[in-house]
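# Report on the structure
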Amino acid sequence: MPFDDVLPALRAAADALDRDRVAELCGAFIAEVVAAPEPPPVATARAVLSTLRRKRFFAPMGRVADALLQAGQDDPQVHRQYAQALLDQHLLSAAQHVLERLAADAADPAEEAEALGLLGRVFKQRYLDASAPHLERVQAALRRAVATYHAAYQRNPDAHLWHGINAAALVARAARDGVPLDGGPDPAALAGSLLGTLRAKRATLEERGEELPAFDLATAMEAALALGEAEQALLWARRYTACSDAEAFELASTERQLREVWGLTAVSPLLSLIRAALLARELGHVTLQRGEARGPSEERLPSGQTLELVLGAQAYQTLRWYRQGLECARSVARIETDTGAGIGTGFLLSGEALAGPFAGHSCLLLTNSHVVSGDPATRDALRPDEAFATFEATDGGTTRYRVAQLLAESPPGELDFAVLTLEEAPALPPCAIARALPRTDGTRRLYVIGHPHGRTLSFSLQDNVFLGFDERFLHYRSPTDPGSSGSPVFNGAWEAVGLHHAGYTRVRRLDGQPGEYAANEGIRLSAILAALEATP
Amino acid sequence: MPHVTFIHGLANKPAAEALLRSWEHGFAHPDGFDLGDHGVTTSMVYWADVLYAEPLPEASSTEAATSEEEAEALAAEAASAAGGWGDLDAEGRAFVERLGTKMGVEHSEASAEAPVEPEARGAYEALERIPLPWFIKRRVLRLLIRDAHHYLFNASSSPRPGDTYAVQEELRRRFVAALKEGAERTEGGPHVVVSHSMGTIVAYDCLVRVPECPAVDAVVTIGSPLGLDEVQDRLRPEGAGQPGWSREDGFPSPDKLRGPWVNVYDPLDVVCALDPRLANDYRRGGRPAIDDLEVSNEGSWRHGFLNYARRGVVRDRLRALLGL
């Protein structure tokens, strides 16, 4: 495929979040790049990389950038995107080497500032990942991060705003963690000056009926946060989340910044708003920290009316939707061994939703039979008397419920479900059950809440486009981690439609097309209910 | 799967797909009934292009378009469309004048902006706390009269060079084609028509007077001008033995409408205000059969579709009609 022909196809595949097609096109592009006598034109190289970055395809982005560099495409932006791809795959040392050279060699001040910004992020990430602020080498990483960001800011305080806000945020963080910085900027003064610059910029744009770009809005939000102006921060966040160029890439970095650097948790309306907006975007994904998702904590949020006033109807609605999801997460259980090792997920259903012999039970736990089974033939599953359930979103997982009874199951090769009772029924609302499946027009997404690999609770909403269904199964895109087995699969109204059980790189398509694709598979709840109804 | 065929009302609209999206969004937000999440497929019988050269630009966000802004945009558009009456024959002129007099809006150019405050005004403003300015109402009503005339008299419309339509023929063709396509998509699930404003006239006309029109399971009319005598007169049978409106048997026959007809109105909606309830006018075997549902919309622009779509009772009723 000629260089320029790949771009429209790649854009379409990236927009459709079609991983297979993106990988295929990148593979073809790389083969072409490596074999051609001359590297592709700079504009093509940049466009391909930015298309991949925009939708967070970092692994193929890294491979493409690598091929371009090998072929002699020496454009600084290609180097930088290469570093970006490394950084987002947590290859920090490799990213550092690329960026240090890039910053030293840069002829263009804007490109140098970009390189320094990413270099700052390398050091910041080192500090945050270590979670050990007492270690000298970790403290040194924080100092380098502050110095790098601040130096880049000072070179052009009117333009290098995001460097400035990062410096301010990290200085504030250092103070909270008790890390001495040996100087460094005053965060309040820096934030005040950033906010002043942005307000002036915004006023000029407003005259033309325009809004600041997404990153500037996020910077203003953080600056307000640094100044302790909570309501102002929410106002900026509202503008930011309403901005059309705030895509998953931008929102995810803001979410990370608020959580990791500012230490905000699920009870913060600001973080909730960003997360809600992120989850409403394609490729949005949110992982809750252990004990963080204890359901909406009303007393620490401004009252509904105040919040709605600040946020406006649309952002408030998104926030409410997210909080309804948090509420649903309360009845999602981590299935554990007696030693507390997480092996899967389950969720509560009301017995009344299940006809026949189950109607008398107020609270039942549904999971996969490959997670819990009474059948000796299902080897890897826990036996019912070995299994425990905890509810992280309710009490941080501190109360363990022993499984009492296995009422019904279907083998992993069939409907792969197990219906359990607990020794003591938790006083939690069961998941609502949807009466119909969403439309399969490629616009609907399914939402999986579970414990990937038995780890902490995660809203695994990544690219879960609803692809198709048959009598028994639902397909949605993008493989989920294996440990998500037994998770509820929700529609957009947080009503359960399925029981997640597998992810396949190749599976027969259920979207009406011939052939195979990569997909997640859930068991239709309606198929499970029908099977239970037929149980004698 | 259940299917909803929408048909929009008077005045120009954003492009078909954007309009359909905004209507679905209207039912879904806030805290509403998301048709797509419940597996309901939808289509829009789009006909603004039959009367207008190009679609309206899409609102930048659904939040931005308040009902008042919508009303003002509509009024501005109505003012610019003031000349679009075409040649009226005697019958057409009588229709326009009768309706115009009834509503207090003369159709002639000279009186379009005249500061006359007709008696009919009282009927529209009885209980309004935030009254819509009369000049806006008048323009909207003039637009209604014009669109109704064009449809009911099968007027000719040339919205763009090279495109000429016989309005009624074209709208009937589109509506019937959409119902056929919708019927194929439902595969046994209920097929519901949701019509608004002028669209209710098209839907009714097709279900009652177009023999090849497929059957549907339920009809929802919203903010409908079907209560107007002048409209009903034009929906009478076209000849002896032909189907059409009569007060005693105006309800569509069971081989066209298998289930209920729900008519939703806000008594302060300018388009249906003169006769908002339909049960008395479209009976089945002499007995009322339509479920007239009164709602109270927000703000001053009570006629907007999205205003109706946000009412919980409307959403609940639609949900029930779809068996969800």
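Residues numbered from 1 in each chain as written. Chains lettered and ligands numbered in written order. Predicted model: local features only at pLDDT ≥ 70, side-chain atom pairs only at ≥ 80, totals over all residues.

## What to know about the overall build of chain A
Summing up its helical and strand segments, chain A has 17 helices and 14 strands in all. The buried share of chain A, taken over its 536 residues, is 51%. (Helix = DSSP H or I, 4+ residues; strand = E, 2+ residues; numbered from the N terminus. Buried ≥ 20, exposed ≤ 12 C-beta atoms within 10 Å, placed from the backbone.)

## A short note on the overall build of chain B
Helix and strand content of chain B: 11 helices and 8 strands. For chain B, long-range pairs separated by at least 24 residues make up 79% of all intrachain contacts whose partners lie at least 6 apart in sequence. (Contact = placed C-beta atoms within 7 Å.)

## Topic: the interface of chain A and chain B
Taken together, the contacts link 15 residues of chain A with 11 residues of chain B. The element best represented in the side of chain A that touches chain B is helix α15 (residues 304-329) of chain A, accounting for 4 residues. By residue class, the composition of the side of chain A that touches chain B is 6 nonpolar, 6 polar and 3 charged. (Nonpolar A, V, L, I, M, F, W, Y, C, P; charged D, E, K, R; others polar.)

## Observations regarding the sheet that holds strand β5 (residues 191-196) of chain B
Residues and elements named next belong to chain B. If you trace the 6 strands from one edge of the open sheet to the other, you get β2-β1-β5-β6-β7-β8, paired in parallel fashion. Bordering the open sheet on either side are β2 (41-45) and β8 (291-294), each of which pairs with just one other strand. Across the sheet, the axes of successive neighbouring strands diverge by a mean angle of 20°, strand direction being ignored. Bridging between strand β1 (residues 3-7) and β2 involves 5 bridges; their strand directions are parallel. Paired with T5 across the bridge in β2 is S43. Sitting on the sheet, helix α1 (residues 16-28) is in contact with β1 and β2, with an inclination near 130° to β2. (Pairing = 2+ DSSP bridges. Axes fitted to C-alpha atoms, helices over the stretch in contact; angles between N-to-C directions.)

## A closer look at helix α8 (residues 198-209) of chain B
Residues and elements named next belong to chain B. When the terminal C-alpha atoms of α8 are compared, their 16 Å separation across 12 residues agrees well with the 16 Å that a helix rising 1.5 Å per residue should span. The buried fraction of α8 amounts to 11 of the 12 residues, a majority that puts the element mostly inside the structure. Looking only at α8, the buried set comprises M198, G199, T200, I201, V202, A203, Y204, D205, C206, L207 and V208. The inward-facing, buried residues of α8 abut β1, α6 (134-152), α7 (167-186), β5, β6 (218-222) and α9 (229-234). (Expected span 1.5 Å × (residues − 1).)

## What about the environment of A341 of chain A?
All names here are of chain A. Looking at where A341 falls in the secondary structure, it is placed in the loop between β2 (332-336) and β3 (342-349). For A341, a count of 11 C-beta atoms within 10 Å corresponds to the exposed category. Measuring from C-alpha to C-alpha, the distance between A341 and H453 comes to 9.8 Å, with 112 residues separating the pair along the chain. The residues touching A341, leaving out its near neighbours within four places in the chain, are E336 and G454.

## With respect to the packing of helix α4 (residues 90-103) of chain B against α6 of chain B
Residues and elements named next belong to chain B. Two elements in contact, α4 and α6, have axes whose closest approach is 10 Å; the angle formed by their N-to-C orientations is 155°. By the criterion of interaxial angle, the relationship of α4 to α6 is roughly antiparallel. The two elements α4 and α6 meet at a crossing, and its hand is right-handed. Contacts between α4 and α6 involve G92, F95, V96, L99, G100 and M103 from the first element and L141, I145 and H149 from the second. (Parallel < 35°, antiparallel > 145°, perpendicular 65-115°, else oblique. Left-handed = near helix turned anticlockwise from the far one by under 90°.)

## Topic: the sheet that holds strand β4 (residues 364-367) of chain A
Residues and elements named next belong to chain A. Strand order in this closed barrel of 6 strands is β2-β3-β4-β7-β6-β5, and the pairing throughout is antiparallel. Strand-to-strand, the axes of this sheet are offset by a mean angle of 40°, without reference to chain direction. In this structure, β4 lies alongside strand β7 (residues 417-422), joined through 3 bridges in antiparallel fashion. Across the sheet, T367 pairs through a bridge with A418, a residue of β7.

## Brief notes about helix α2 (residues 19-35) of chain A
Residues and elements named next belong to chain A. Between its terminal C-alpha atoms α2 stretches 24 Å, which fits the 24 Å expected from 17 residues at 1.5 Å a residue. For α2, the complete set of buried residues consists of R19, V22, L25, C26, F29 and V33. Summarising the axial view, the buried residues of α2 lie within an arc of 130°, below the 170-degree limit, and thus occupy one face. Those residues of α2 that are exposed and angled more than 90 degrees off the buried face are A31, V34 and A35. (Arc of directions from axis to C-beta.)

## A word on the pairing of β3 of chain A
For a regular strand, side chains alternate in direction, first toward one face of the sheet and then toward the other. All names here are of chain A. Most of β3 is tucked away, with 8 of its 8 residues classed as buried. In this sheet, β3 lies alongside β2 in antiparallel orientation, the contact comprising 5 bridges. Bridge pairing links A333 to G346 in β3. Looking at chain direction, β3 and β4 are connected through 3 bridges and run antiparallel. The residue of β4 that forms the bridge with F347 is L366.

## Observations regarding the nonpolar core
One recurring pattern in soluble globular proteins: nonpolar side chains tend to sit buried together. With 161 residues, the main nonpolar core has V64, L99, M221, V419 and L420 of chain A as its most contacted residues. Not counting residues within four places of it along the chain, the set of residues in contact with L99 of chain A comprises A83, A115, L118, L119 and V122 of chain A. In this structure, A48, C272, L278 and V314 of chain B belong to the second largest nonpolar core, which totals 81 residues. (Core = buried A, V, L, I, M, F, W, Y, C linked by C-beta atoms within 7 Å.)

## A short note on the packing of helix α9 (residues 161-177) of chain A against helix α11 (residues 214-226) of chain A
Residue and element names in this part refer to chain A. At a minimum axis separation of 10 Å, α9 and α11 run at an interaxial angle of 30°. One way to sum up the angle between α9 and α11 is to call them roughly parallel. The element α9 and its partner α11 pack so that their crossing is left-handed. Across the interface between the two elements, L161, W162, I165, A168, A169 and A172 of α9 pack against F215, D216, T219, E222, A223 and A226 of α11. Grouping the amino acids of the contact of α9 with α11 by side-chain chemistry returns 9 nonpolar, 1 polar and 2 charged.

## Some remarks on the confidence of the model for chain A
Summary statistics for chain A give a mean pLDDT of 87 and a share of 91% for residues scoring 70 or more. Every residue in residues 294-301 of chain A scores below 50 in pLDDT, and together they form 15 contacts with partners more than four places removed in sequence or on other chains. (pLDDT = per-residue confidence, 0-100.)

## Quick notes on the environment of A218 of chain A
Residue and element names in this part refer to chain A. The residue A218 is located in helix α11 in this model. On a C-alpha basis, the gap between A218 and R239 in space is 8.8 Å, while along the polypeptide they are 21 residues apart. Setting aside its immediate chain neighbours within four residues, A218 contacts Y240, E250 and T254.

## Details of the environment of M103 of chain B
All names here are of chain B. When you line up the elements, M103 lands in helix α4. Residue classification places M103 among the buried positions, given that 26 C-beta atoms sit within 10 Å. Note: C-alpha distance between M103 and R142 (39 residues apart in sequence) is 8.9 Å.

## Description of unusual backbone geometry
All names here are of chain A. Even without being a glycine, H90 presents a positive backbone phi close to 65°. Here H90 lies in the loop between α5 (76-88) and α6 (92-105). One non-glycine residue, S131, adopts positive backbone phi at about 45°. With respect to the helices, strands and loops of the structure, S131 is situated in the loop between α7 (109-130) and α8 (136-155). For S131, a count of 8 C-beta atoms within 10 Å translates into the label exposed.

## Digging into the pairing of strand β6 (residues 400-410) of chain A
All names here are of chain A. Looking at chain direction, strand β5 (residues 388-390) and β6 are connected through 3 bridges and run antiparallel. Looking at the pairing, A389 lines up with Y401 of β6. Sheet topology note: the β6/β7 ladder contains 6 bridges and is antiparallel. Paired with S410 across the two strands is F417, which belongs to β7. Linkage of β6 to β7, two consecutive antiparallel strands, is achieved through a turn of 6 residues, within which D416 is found at a positive phi near 45°.

## With respect to the confidence of the model for chain B
Residues and elements named next belong to chain B. Looking at chain B as a whole, its pLDDT mean stands at 85, while 83% of the residues score no less than 70. In the predicted structure, residues 60-65 sits below a pLDDT of 50 and forms 10 contacts with residues beyond four places in sequence or in another chain. Confidence drops under pLDDT 50 across residues 108-122; counting only partners more than four residues distant or on other chains, this segment forms 11 contacts. As a predicted assembly, this complex carries a pTM of 0.70 together with an ipTM value of 0.70.

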